[in-house]
Each structure stands twice: as C-alpha cells, then as structure tokens.
Amino acid sequence: MLPENTLLRLVCLLFTAVTLAFAATNSTNTTADTFDILKAPVITKPGCPSQCGDLTVPYPFGIGLSSGCGIGEWFELNCSHAFDPPRAYIYDTNIQAFEISDNQMRISIVIARRCYDTTGADVLRNKASSNMSGTPYSYSELNKFFVIGCDDLALVFGDGSRDFTSGCITLCSSAEDIIGGYCSGIGCCQTSLPKGLQSYTAVLSSLNNHTNVSSFDPCSYAFVGEEARFDFRGASDMSDPNFSQRVKSTVRIVVDWAVGNLTCAGAQNSEDYACKANSECVDSDTGLGGYRCKCKDGYERNPYLDPGCTDINECADPNLHNCAKLCINAPGNFTCSCPHGEYGDGTIGGKGCIAYNSQFPITKVALGN
C-alpha cells in the first residue's frame, strides 16, 4: 500500500501529466496506413527474398543481417526458422515484426504485470519498457497506454527524444461494476502517447495492494498497444490467467518509420538519396527528421527501387477511369474523349458523349403527287 503523502504526490503528478499529454496529442494528426509498396510487381532488391513466414518484406526493408537486402542495418530483419512459420525480428533484437506498410510497422508488445496474494503481498512483479532510440522507429499515435485492474495507478515515462510522463487510475469495488468494451477508468483506463516517442517505461502501483478486490482481481497489467486492436472484455479479463498471452497474440505496437534523419530538402542533395524516378519525398512528421518516398499520383511500383515508379495505364482498368467511350492514357494521368460524330466531356456521370444530331432530330417528309 502506498503511503498517503506518496499517493497524493503521484495523483497530482498524474493529473498534470495527463492534462499535458491530452493537450499535446490533440494538436496533431495521425497518418493513415497505406500499402502501396506491397502492390508493386517487384518489391525487393534482386536476389533478395520477400517473405519470412507470414510477413511480406518490401524494400527498403530486407531479410537477412548484413545481406545488403535492406537500406540499412535497422531495416534488416532476422528471419528465424526456429519457429513454424518463421518469425521476423528487427535487426539483432527480440522485437518481432508483424506487418509493414508505407509509413508504419507493427511489432510485438511487452506487458507490465503485478500480482498479489490475499494479504496484499507481491507474488509477481515485472515492468514493461522499450527503447528504440537511435533507430528509424518511433511509437505511433495509434497506440494508447492501457492499464487493467481495479485498484491501480500506472505511470508511463518517456525519455531520450521525448521527455514525457503520463498515466491513469483504474478503480472498481466489485466485478459487477466492470463493463466490457469500455476503458474509461472502471477496470480499464487509457491515455495517449506523444508522436516521436522512442523510449518508455511503464510502472504499476496499487492503492491498497488489491486487498479489497483480490477475490476477483488478483493482478494488474499495463502496456502500450494499438487502440483499435485491444478488446477489453470486462471482469473476465481480471481473472483470466492467460490475459497476457491473449493480448500479446492479438495486440501490436504501431511504430512510424523513416529513412535517415535528414529532411527532404537536405536528403535530395545527398549521394544516398533513396527516392527514385517519378517519386516524391515526404518529410516524416514525428519531429525526429527522416523522410519516406512515395510514387507520384498516376504512378506505381516501389519508389525505393530502380527504375523508380512507372506510369499506371488507367485506361486498361475500368475501375481506374470514368470515361464513357474513349480513354486516352497519358504519363501520370488520362483523358476522356468522344468518338467522331459525338461531343461532350466523355465522362460517366458528366456530360458523356452525345451524337451531334441527337438533339436535333431530322423529320423526313415524303411528298406525293
């Protein structure tokens, strides 16, 4: 049990931290996932594998340490065949990669856990921490810091690139108070993380060491994970001995990634500029520097690989154009036209194509003797 003066200081700190975190995170926008680099006919460097188990790995990432298949060592994935199916790990770490998109990666989570006996004594305690400082990765705003329990206060501290403290309190007096699907302070609470965070530590504390709730809530948990993928099930989560395993198998941490630490303006003048022909450079919005590449509108393929992005022939796919009659492909675009003898903008939903004589019908008159 926490001493009263210590508890008061923690609550005051928590209130201030949550207020600051709320203000900071509400002032930014979250970039949506796109998977264009996975749609290209060729997604890896020549001779490099594209698959590790269930994970598809596009360049600038690559499979194999020191293989030259990635753009740098932190983009290399170690494909471990000790598992079936094989698992991919970032460089030489134990961080498993599950999904790679144009701007993000989903990785394995770590969970802080603290359990008590009926007298309030600790019987199990472990913290959760992660450090990605010095890497191209930072934790996305798609994540939340979650705390599960009925007598708990948890703080999450960031350091390195972002000095940050936040947390939340979760309370309940009986299992009947807890409603699944809601994470608002009764059995479950959550708080936001700032963009650009690269390191954090989660610390769990209890108000009364669970002495009043041990019959239905012997343990508490804290973790960072993607908000959209965590399903709080209510009181059953409190007594589930496999709660940690379930969350680890279903919830991921989303990290933003970027190439290098230069902005587009600086990188475009460097010898190792990564964006190839017909692509655009996009500055990372994490505040840490770095950039990503994307094909220009109307182009496709992997923008990090030679020969760069190639023109999409929209006219070859009726789902990519809105032409009523004639579609004429152009670099990065297309135009609609009408055949000879018709006029209009040539588009479906627009004026379409109209025959010149359709609005002025000719009436034939036969003259008799």
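On a predicted model such as this, the values are computed, not experimentally measured, just so you know.

With respect to topology, 4 strands assemble into an open sheet ordered 10-16-13-14, the strand pairing being antiparallel. Two strands lie at the open edges of the sheet, namely strand 10 (128–131) and strand 14 (164–171), each paired on one side alone. Across this sheet, the average inter-strand angle for adjacent strands is 15°, counted without regard to direction.

Now for the pattern of salt bridges. Inspection of the entire model under this criterion finds 13 salt bridges. The partner of R125 in a salt bridge is D122, and the shortest N-O contact between them spans 2.5 Å. Notably, a salt bridge pairs R229 with E226, separated by 3.2 Å at the nearest N-O pair.

To continue, consider the confidence of the model for the protein chain. Scored by pLDDT, the protein chain comes out at a mean of 87, with 87% of its residues at no less than 70. The model gives residues 1–9 a pLDDT under 50, and that stretch makes 9 contacts with residues more than four places away or in other chains. Between residues 11–30, whose pLDDT stays under 50, and residues either more than four places distant or in other chains, the model counts 28 contacts.

Moving on: the state of the cysteines. One way to say it: the disulfide is the covalent bond shared by the sulfur atoms of two cysteines. Enumeration according to the criterion identifies 12 disulfides in this entry. At a sulfur-sulfur separation of 2.1 Å, the disulfide partner of C52 is C79. Disulfide C52-C79: the torsion about the S-S bond is 95°, which places it as right-handed. Of the two residues, C52 sits in strand 1 (residues 51–52) while C79 sits in strand 4 (residues 76–80), which places them 27 residues apart along the sequence. Overall, the relative accessible area of 2% leaves C52 in the buried class.

This part covers the pairing of strand 12 (residues 143–148). Of all 6 residues in strand 12, 6 are buried, a share of seventy percent or more. Residue alternation in strand 12 divides its side chains into two sets, N143, F145 and V147 and K144, F146 and I148, and both sets are buried. Two elements, strand 12 and strand 17 (residues 219–226), share 6 bridges in a ladder whose sense is antiparallel. Residue F145 lies in a different strand from strand 17, and its bridge partner there is V224.

It is worth spelling out unusual backbone geometry at this point. Residue P85 is bonded to the preceding D84 through a cis peptide linkage, with omega at 0°. Here P85 lies in the loop between strand 4 and strand 5 (87–90). D306 connects to P307 through a cis peptide bond whose omega is 10°. Position of P307 relative to the elements: it lies in the loop between strand 21 (299–300) and strand 22 (310–311). Even without glycine at this site, N209 takes up a positive phi of about 50°.

Cut-off values and rules
- Residues numbered from 1 in each chain as written.
- Predicted model: local features only at pLDDT ≥ 70, side-chain atom pairs only at ≥ 80, totals over all residues.
- Heavy atoms only, no water.
- Pairing = 2+ DSSP bridges.
- Helix = DSSP H or I, 4+ residues; strand = E, 2+ residues; numbered from the N terminus.
- Axes fitted to C-alpha atoms, helices over the stretch in contact; angles between N-to-C directions.
- Salt bridge = Lys/Arg side-chain N within 4 Å of Asp/Glu carboxyl O.
- pLDDT = per-residue confidence, 0-100.
- Contact = heavy atoms within 4.5 Å.
- Disulfide = S-S within 2.5 Å.
- Buried < 20%, exposed > 50% of the residue type's maximum accessible area, 1.4 Å probe, protein only.

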